[in-house]
Amino acid sequence: DAGITQSPRHKVTETGTPVTLRCHQTENHRYMYWYRQDPGHGLRLIHYSYGVKDTDKGEVSDGYSVSRSKTEDFLLTLESATSSQTSVYFCAISDIGGGLETQYFGPGTRLLVL
Amino acid sequence: KNQVEQSPQSLIILEGKNCTLQCNYTVSPFSNLRWYKQDTGRGPVSLTIMTFSENTKSNGRYTATLDADTKQSSLHITASQLSDSASYICVVRSGDDKIIFGKGTRLHILP
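First, a word on what this report is: a plain description of the structure on this page. Remember, predicted model here, so these are calculated numbers, not experimental data.

Observations concerning the pattern of salt bridges
All names here are of chain A.
In step 1: Using the criterion set out here, one finds 9 salt bridges over all chains in the structure.
In step 2: A salt bridge links Arg 36 to Asp 38, with the shortest nitrogen-to-oxygen separation between them at 2.8 Å. Note on accessibility: Arg 36 and Asp 38 belong to one class, buried.
In step 3: Lys 70 serves as the salt-bridge partner of Asp 73, at 3.3 Å between the closest nitrogen and oxygen.
In step 4: On the basis of relative accessibility, which here comes to 8%, the residue Asp 73 falls in the buried class.
In step 5: Overall, the relative accessible area of 40% leaves Lys 70 in the partly exposed class.
In step 6: Three or more residues joined by partner-sharing salt bridges are found here, namely Arg 22, Lys 70 and Asp 73.

Next comes the structure, spelled out in structure tokens:
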């Protein structure tokens, strides 16, 4: 998985609790992305980062926040988890961004919100 | 509205047979189209990428075609193997840098 790890790989939590997912890369790539994958939908972009402390919203950012204090780490936080946030979350990285970039995906985190 | 539609939703074939997966898109302006393979429980892995001027791209037993006029792409798998069992995702990038993912085709290879 191109030097990308996600933690935890599985998590069960209760509605209303905060949850933080971590993406860690060893490739020194500038761009990092968080997606969610749900049945009946294609992958959808939550947030992305184009450098340390530089982040922006994707198409489904409501209820999520991100932080990137180091090149290698990109954190996704669900401030108050809801059942609609039950999903599989994928982190991706790329070195050039835009155009012909290749995004390399992590193994995913399966989150269940009860 | 930018959309990527894939067909069929799922497909079952016998090992050794060929198959073709379809992708139709309405993304405009078009930049490029990529096919990903996603094994169960893993993240997607890029197979091919094609720009407007390319109409065929191969990667081993995988051959992708693109018809930019009709906004259609196909992924042909030759002599299928059990390891080809996976979801195949068509992804189109627009000229203004939006990435639109298809829902994928789930392919099952039977021995």
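And the narrative resumes.
Some thoughts on the interface of chain A and chain B
In step 1: Contacts between the two partners involve 18 residues from chain A and, on the opposite side, 18 residues from chain B.
In step 2: Interface area for chain A against chain B, summed over the two sides, is near 1400 Å², with a carbon-plus-sulfur share of 49%.
In step 3: Contact with chain B buries surface across chain A, with Leu 43, Leu 100 and Phe 105 of chain A losing the most and accounting together for 29% of the total.
In step 4: Arg 93 of chain B is the partner of Glu 101 of chain A in a salt bridge, and the nearest nitrogen-oxygen pair spans 2.4 Å.
In step 5: Connecting chain A to chain B are 5 residue pairs in polar contact (both at pLDDT 80 or more).
In step 6: Here the side of chain A that touches chain B is composed, by residue class, of 6 nonpolar, 9 polar and 3 charged.

A few points about unusual backbone geometry
In step 1: The linkage connecting Ser 7 of chain A with the following residue, Pro 8 of chain A, adopts the cis geometry, with an omega of -10°.
In step 2: Locating Pro 8 of chain A in the fold gives a position in the loop between β1 (4-7) and β2 (10-13).
In step 3: The omega torsion across Ser 7 of chain B and Pro 8 of chain B is -10°, close enough to zero to call that bond cis.
In step 4: Locating Pro 8 of chain B in the fold gives a position in the loop between β1 (4-7) and β2 (10-14).
In step 5: Positive phi, normally seen in glycine, also occurs at Lys 53 of chain A, with a value near 70°.
In step 6: Tracing the chain through its elements places Lys 53 of chain A in the loop between β5 (44-51) and β6 (54-57).
In step 7: Notably, Asp 97 of chain B is not glycine yet its phi reads approximately 70°, a positive angle.
In step 8: Of note, Asp 97 of chain B is situated in the loop between β9 (86-94) and β10 (99-101).

Parameters and conventions
Every chain begins its residue count from 1, and numbering advances along the sequence as written. Written order decides the labels, with chains lettered from A and ligands numbered from 1. Thresholds applied to this predicted model are a pLDDT of at least 70 for local features of residues and 80 or more for the giving and counting of side-chain atom pairs; totals over whole chains, interfaces and linings are not thresholded and use all residues. Heavy atoms throughout the structure, all of them, feed into the side-chain values; hydrogens and water do not. Here, a salt bridge means any side-chain nitrogen of Lys or Arg that lies within 4 Å of a carboxyl oxygen of Asp or Glu. Any residue under 20% of the maximum accessible area for its type is buried, any over 50% is exposed, and the rest in between are partly exposed; the area is computed with a 1.4 Å probe on protein chains only. Throughout, a residue-residue contact means that at least one pair of heavy atoms, one from each residue, lies within 4.5 Å. Defined in terms of a 1.4 Å probe, buried area is the accessible area two parts forfeit on being brought together, summed over both. Throughout this description, a polar contact denotes any pair of N or O atoms lying within 3.5 Å of each other; where both atoms belong to protein, one of them has to be capable of donating a hydrogen while the other can accept it, and for residues adjacent in sequence the pair is counted only when both atoms sit in side chains. Residue polarity follows a fixed list, in which Ala, Val, Leu, Ile, Met, Phe, Trp, Tyr, Cys and Pro are nonpolar, Asp, Glu, Lys and Arg are charged, and the others, Gly among them, are polar. A run of H or I in DSSP counts as a helix once it spans at least four residues, and a run of E counts as a strand once it spans at least two, with each numbered from the N terminus.

The analysis is restricted to geometry; functional conclusions fall outside its scope.
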